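Geometric and topological summary
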Amino acid sequence: MSTTPEPHVMFSETATTTPSSPSSQGSYSPPRTPPNLHQNTIDPEAKWLVQKYGGTSVGKFPVKIARDIVANYLDNHKLAIVCSARSGSTKALGTTSLLIKASTEALQRTPKDSSKSSSSNAGHKSNAGSGTVSPGTGANTPIHYRGLFGRTYSYREESSDGSPPRSPKPRSSRSSRSSSPQRHNLFRFTPINGNGGAGKGAPLPAFHATVDLIKEEHFKAARASIEDPEILEELEDEIDRDCEWLRSFLYAAKVIDEISLRSKDNIIGLGEKLACKLMAAILRDQGIDAEYVPLDDIVPDSLAENESELAAGKVLGQDFYDGVAKAIAERIEACGRRVPVVTGFFGPVPGSLLTQIGRGYTDLCSALLAAGLGASELQIWKEVDGIFTADPRKVPTARLIPVISPDEAAELTYYGSEVVHPFVMEQVIRKKIPIRIKNVENPSGGGTVIHPDPDAEPVHPLIDPMLSGTLSSGQMSPVPEPASTAVLNAYSASHSGTSGTKTRTSSISSNGSSSAILAAVSAYQSVWDDPNRKRLPTAVTIKENIMLINVHSNRKSVSHGFLAGIFGTLDRFGVVVDLIATSEVHVTMAIADMSSKRVVDRLLNELKRAGTVSVHRDMTILSLVGKQMRNMVGISGKMFTTLADGNVNIEMISQGASEINISCVIDARDAVKALNLIHQSCLMIKPEGTRGRVGPWLF
């Protein structure tokens, strides 16, 4: 990246840089930086660290993220941040929920006799003249100055002492733009007046009020988090511009009475753009040199697939994701020492972002960014300390798991705990990059690290090698940051106890360094081959709201036809089966209970063509997960004996081919009791008081 001296005005350093992403056009002009802003480290050996923040964290703790987390990482890391769309005070007020609601309302037909909407457009603001660019496109037209969000600004007059101004003044103020009747919105649609272009007295569309609500929620968040009036003014200008773009877009969709998959991608993606602009402004307000980085056009043309093939059900291959990871990384490298705040939305994606990837595209974007940059870690910040041995809301003795394998994390995700989607994990694990789950409310905690080596030994949260492999009543020392593969292997070795080990060394402090852990490895080389080493499951979890369906063959078809008919029916209804047990003439399936009684009745009627059908509702899947269970003789017997002793009836039993998960279906009313019984018996964690920080367990 080339740099030249520039006058220090508002937002970033560097002069003109040409981005290397294939989708870029023209020249890229990064924003400038005023003096004394905190930036990424200048250490040439420092690696990138990618932090992803969820919508709840961005909605509740944006200032804490900037002040207490981001600022503390900058001196030793090159930091990149990815944000999800911010949540609201309630789930219904979450940005993504409101955007989905608005897109649905745009296609609703307005009753002819409906009264005039009470919504008012008096507070609507339009976009600044013809010099504006559409939100988040990152237009690359060479200009004299680009603000925090890539807008064009003119400079104020210099002060009497010749020093440059701290921030530029927008070409048109908010007040003049609001009152101007000649304003033009981003797509050059007819300006929206009190009647939205309709006849006099016509009611406003329902989405009108929803867009106002999105705007007002973000205005409130901005005013509550930002003190600098100039930064606040620029942010409000952006929020206003983006929401007016959305309003115009929805009016256009209403006219043609259609929202395509790609159009829906653009609507939903606005939530991440608003959240990232808010976060970038808060970081700047806290003295951190942040740059808002949209990824609208990041997908290279060379990766475009045949749309007809994708429409026919073709799935994007790994080459596509590798290409996107490289393009994103090149764009981030162009930020220099500024802290990039990256939108999780990276459409348009061939075949639609939501169709190809789903609502988890922000997690995937952070994973691709980490993979492309070769990051030291991918950190996913939530409102929990990490992954626990059980849900602490239901099991008071649940303990934090310091290190977990990718397979175990995937199983826990499938069966009840929202850890990280397996496909997202795959993108970073294949590059040998660890994933760390941390708590926004407890930044000093070590969290849980997903080990990038699938063959690495798991670490049980209670095995203390310093006490001859016995169960420890204290807390484990956290894994140092960043957790390289060498550090993780050393940590696993030093925390895998053996009942035959008599050697005791000095314990590693809670703030133990990598060198301290590496030095302890030699004392534990015999751990791996010790047959007496403690082997315990890793965690126990439950998945609620399950429906159990039994189908008994009517013997009118052979066994393979019987099974083919059942699975064909499930496929037509789009039903995902969580657990299944089969014989030649009988199938039992555990599926998520559907809220629509009508759909359930249709599904059952179809299944009755294959045989007799019975249904059990209000069920729960109980799963015991652990990589070491492959070699644990008698663990299944212990699990089911424990449930029998607790008078818990088992409706179905299943074990996957991986042999790291044993699951059964029980009555929902016995779920909490069964969870505590298995936690105490199979994980050998006794009810002797709470351990660690008790809170939600990745929900």
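A few words now on the pattern of salt bridges. This model, assessed by the stated rule, comprises 27 salt bridges. Across the pair Glu-377 and Arg-436 runs a salt bridge whose closest N-O atoms are separated by 2.8 Å. Here the residue Glu-377 occupies a position in strand β7 (residues 377-382), and Arg-436 occupies one in strand β9 (residues 435-439), the gap between them amounting to 59 residues. For Glu-377, a relative accessible area of 1% puts it in the buried group.

Attention now moves to the pairing of strand β15 (residues 586-592). Across the 7 residues that make up β15, a large majority, 5, are buried. The sheet contact formed by strand β13 (residues 539-553) and β15 spans 7 bridges and is antiparallel. For His-552, the partnering residue across the bridge sits in β15 and is His-586. As judged from the 5 bridges shared by strand β14 (residues 577-582) and β15, these two strands associate in the antiparallel manner. When the bridges of β15 are listed, Ile-580 appears paired with Met-589.

Quick look at the packing of aromatic side chains now. Per the counting criterion, the structure on display carries 7 aromatic pairs. Ring centres of Phe-207 and Tyr-251 lie 5.1 Å apart, and the angle between their planes is 80 degrees; on these two criteria the pair is classed as edge-to-face. One end of the pair, Phe-207, is in helix α5 (residues 206-225); the other, Tyr-251, is in helix α6 (residues 229-256), and 44 residues separate them in sequence. Among the residues examined, Phe-207 registers a relative accessible area of 0% and is labelled buried. Judged by its relative accessible area of 15%, Tyr-251 falls in the buried class. Joined through ring pairs, the aromatic side chains of Tyr-53, Tyr-73 and Trp-381 make up one cluster.

Here we take up the environment of Ile-635. For Ile-635, the location among the structural elements is in helix α18 (residues 635-645). Taking the C-alpha atoms as reference points, Ile-635 and Pro-537, 98 residues apart in sequence, are found 8.8 Å from one another. Not counting residues within four places of it along the chain, the set of residues in contact with Ile-635 comprises Pro-537, Leu-624, Met-629, Ile-662 and Cys-682.

This part covers the sheet that holds strand β6 (residues 339-343). Reading across from one edge, β5-β6-β2-β1-β7-β9-β10-β8 is the order of the 8 strands in this open sheet, with mixed pairing throughout. Every interior strand has two partners, whereas the edge strands, β5 (290-293) and β8 (403-404), have only one. Relative to β6, β5 is paired through 4 bridges, and the arrangement is parallel. By the bridge assignment for β6, Val-293 is matched with Val-342. Sheet strands touched by helix α2 (residues 62-73): β1 (48-53), β2 (78-83), β7 and β9. Its angle to β1, the strand with the most contacts, is close to 165 degrees. Against the sheet, helix α7 (residues 261-285) makes contact with β2, β5 and β6, and its axis sits at roughly 165 degrees relative to β6, the strand it touches most.

Turning our eyes to something else, we now look at the sheet that holds β15. Reading across from one edge, β14-β15-β13-β16-β18-β17 is the order of the 6 strands in this open sheet, with antiparallel pairing throughout. Of all strands in the sheet, those with a lone pairing partner are β14 and β17 (650-655), marking the two edges. On average, each strand axis in the sheet is tilted by 30 degrees relative to the strand beside it, whichever way the strands run. Where helix α19 (residues 671-681) meets the sheet, its contacts fall on β13, β16 (611-625) and β18 (661-667), and the angle it forms with β13 comes to roughly 120 degrees.

Moving on: the packing of helix α3 (residues 95-106) against α5. Look at α3 against α5: their axes get within 8 Å of each other, and the N-to-C directions meet at 160 degrees. Here α3 lies roughly antiparallel to α5, going by the angle between them. α5 is crossed by α3, and the crossing has left-handed handedness. Contacts between α3 and α5 pair Thr-95, Leu-98, Leu-99, Lys-101, Ala-102, Glu-105 and Ala-106 from the former with Ala-206, Phe-207, Thr-210, Leu-213, Ile-214 and His-218 from the latter. Its residues assigned to classes, the contact of α3 with α5 shows 8 nonpolar, 3 polar and 2 charged.

So, about the environment of Ser-553. Within the secondary structure, Ser-553 sits in strand β13. Here Ser-553 is in contact with Phe-562, Val-585, Ala-610 and Gly-611, once residues within four sequence places are set aside.

The next point concerns the pairing of β13. Across the 15 residues of β13, 11 count as buried, placing the element largely inside the fold. Where β13 and β16 come together, 12 bridges link them in antiparallel fashion. Residue His-552 lies in a different strand from β16, and its bridge partner there is Thr-612.

It is worth spelling out the confidence of the model for the protein at this point. Confidence along the protein averages 75 in pLDDT terms, with 66% of residues attaining 70 or more. Every residue in residues 463-474 scores below 50 in pLDDT, and together they form 40 contacts with partners more than four places removed in sequence or on other chains. Low pLDDT, under 50, characterises residues 516-532; the predicted model gives this stretch 32 contacts beyond four residues in sequence or across chains.

The rules behind these values
- One numbering rule holds for all chains: residues counted from 1, following each sequence as written.
- Predicted model: local features are reported for residues with pLDDT of at least 70 only, side-chain atom pairs are reported and counted for 80 or more only, and whole-chain, interface and lining totals are derived from all residues.
- Note that water and hydrogens are dropped before the side-chain values are worked out from all heavy atoms of the structure.
- We count a salt bridge whenever a side-chain nitrogen from Lys or Arg sits within 4 Å of a carboxyl oxygen from Asp or Glu.
- Strands are runs of DSSP state E lasting at least two residues, helices are runs of H or I lasting at least four, and both sets are numbered from the N terminus onward.
- Burial classes: relative accessible area under 20% of the type maximum marks a residue as buried, over 50% as exposed, and values in between as partly exposed (1.4 Å probe, protein chains only).
- At least two DSSP bridges between two strands are needed for those strands to be called paired.
- Working definition: a ring pair exists when centres of Phe, Tyr or Trp rings (six-membered ring for Trp) sit within 6.5 Å. Plane angles under 30 degrees give stacked, over 60 give edge-to-face, the rest tilted.
- Residues are treated as being in contact if the distance between any of their heavy atoms lies within 4.5 Å.
- Angles run from 0 to 180 degrees between N-to-C directions of axes, and those axes are lines fitted to C-alpha atoms, restricted for helices to the stretch in contact.
- For this classification, under 35 degrees means roughly parallel, over 145 means roughly antiparallel, 65 to 115 means roughly perpendicular, and everything else is oblique.
- Helix crossings fall into two classes, left-handed where the near helix is turned counterclockwise from the far one by less than a right angle and right-handed where it is turned clockwise.
- Residues are grouped as follows: nonpolar covers Ala, Val, Leu, Ile, Met, Phe, Trp, Tyr, Cys and Pro; charged covers Asp, Glu, Lys and Arg; every other residue, Gly included, is treated as polar.
- A residue's pLDDT is the predictor's confidence in that residue, given on a scale from 0 to 100.

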